[in-house]
Amino acid sequence: MDRRALLKSLVAAPFGAALVGCTTRTTSAPTAAPTSAAASLSSSTVVAHPAALASSHKKTGALRVLCVGAHPDDPECGCGGTLARLSKAGHDVTILYVTRGENESGGRSFNENGKIRTREAETACKILGVAPRFLGMRGGECEITPRWRKTMTAVFDELTPDLVFAQWPLDTNPDHQIAAMLAVQAYLEKSMQNPLYFFEVETGRQTMGFEPHVYVEIGEVLRIKNDAIMAHVSQSPKHMYEVHHEPMERFRAREIGGVAAEAFAMIPGTLSTGFLPGL
Ligand SMILES: [Zn+2]
């Protein structure tokens, strides 16, 4: 099976779940029986999907994965574990930082801060095993314009991602909102049939109204994720992790009975629910 055929079969999976070794929370019966590998991940409240995917990919070619985040540290905090797992499984993962986080400066100039945060992002990506890329907007000045829509679409054209991760758009930080919507616009403009997964950051303080559909266990790569977050030295990463993201990992793990987990929401309509009980 070639890469495109593999993707097609993944998207056709129950609820469109296509993440490696992931679990999908559901309130209705699954439309297909889990494989034996997936069955080992099952619990009474979670439906697991083919964990055998990772070995399939090695035989059939790497998937191209694009993760879009507003600032250096957003993708690492929101889905660094999942990206590390995808990279370890042999897939080509790119993080696209919409800005270099120049505005979160601690008193430094925009340019100086941009340089520092670029270096930190590059180090974090190296730790995760992914490729960094920068869209070119400045932190704190994000805006949706025809020019930036075109720039984002050009990245999608070039990378032709099989899986897209984007920041959840309902967020207290305007840069997060705009980075998310630029990704969504490019995704919809390309009429992509492949899944898009929204990730959360500092839920309750930044991400708002987030209702996940897909969970990924990240216990095996927790050290890698933690090291990647700690690479953002200028952002008080220990505080950022211990106060915000470690509790989120634990809470998401509690929802699926795991050790540490990241959770994702999908665009409504890509889920194959399609009915209400009793109607
Ligand atoms: Zn941010």
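Please refer to the structure higher up on the page.
Residues numbered from 1 in each chain as written. Predicted model: local features only at pLDDT ≥ 70, side-chain atom pairs only at ≥ 80, totals over all residues.

### Here we look at the overall build of the protein
Alright, step 1. When you go through the protein residue by residue, the secondary structure sums to 9 helices and 9 strands.
Alright, step 2. The long-range fraction of contacts in the protein, counting pairs at least 24 apart against all pairs at least 6 apart in sequence, stands at 77%. (Helix = DSSP H or I, 4+ residues; strand = E, 2+ residues; numbered from the N terminus. Contact = placed C-beta atoms within 7 Å.)

### Remarks on the packing of helix H5 (residues 110-128) against helix H8 (residues 222-230)
Alright, step 1. At a minimum axis separation of 8 Å, H5 and H8 run at an interaxial angle of 170°. Considering their axes alone, H5 and H8 lie roughly antiparallel with respect to each other. Where H5 approaches H8, its residues Ala 124, Ile 127 and Leu 128 are matched on the opposing element by Ile 224, Asp 227 and Ala 228.
Alright, step 2. Within the contact of H5 with H8, the residues separate by chemical class into 5 nonpolar, no polar and 1 charged. (Axes fitted to C-alpha atoms, helices over the stretch in contact; angles between N-to-C directions. Parallel < 35°, antiparallel > 145°, perpendicular 65-115°, else oblique. Nonpolar A, V, L, I, M, F, W, Y, C, P; charged D, E, K, R; others polar.)

### Here we look at unusual backbone geometry
Alright, step 1. A positive phi angle, near 100°, is found at Asp 73, a position not held by glycine.
Alright, step 2. Residue Asp 73 is classed as buried on the basis of its 28 C-beta neighbours within 10 Å.
Alright, step 3. You will see that Ser 236, though not glycine, has its phi angle at about 45°, which is positive.
Alright, step 4. Position of Ser 236 relative to the elements: it lies in the loop between H8 and helix H9 (237-256).
Alright, step 5. Classification of Ser 236 by C-beta neighbours within 10 Å gives exposed; the count is 11. (Buried ≥ 20, exposed ≤ 12 C-beta atoms within 10 Å, placed from the backbone.)

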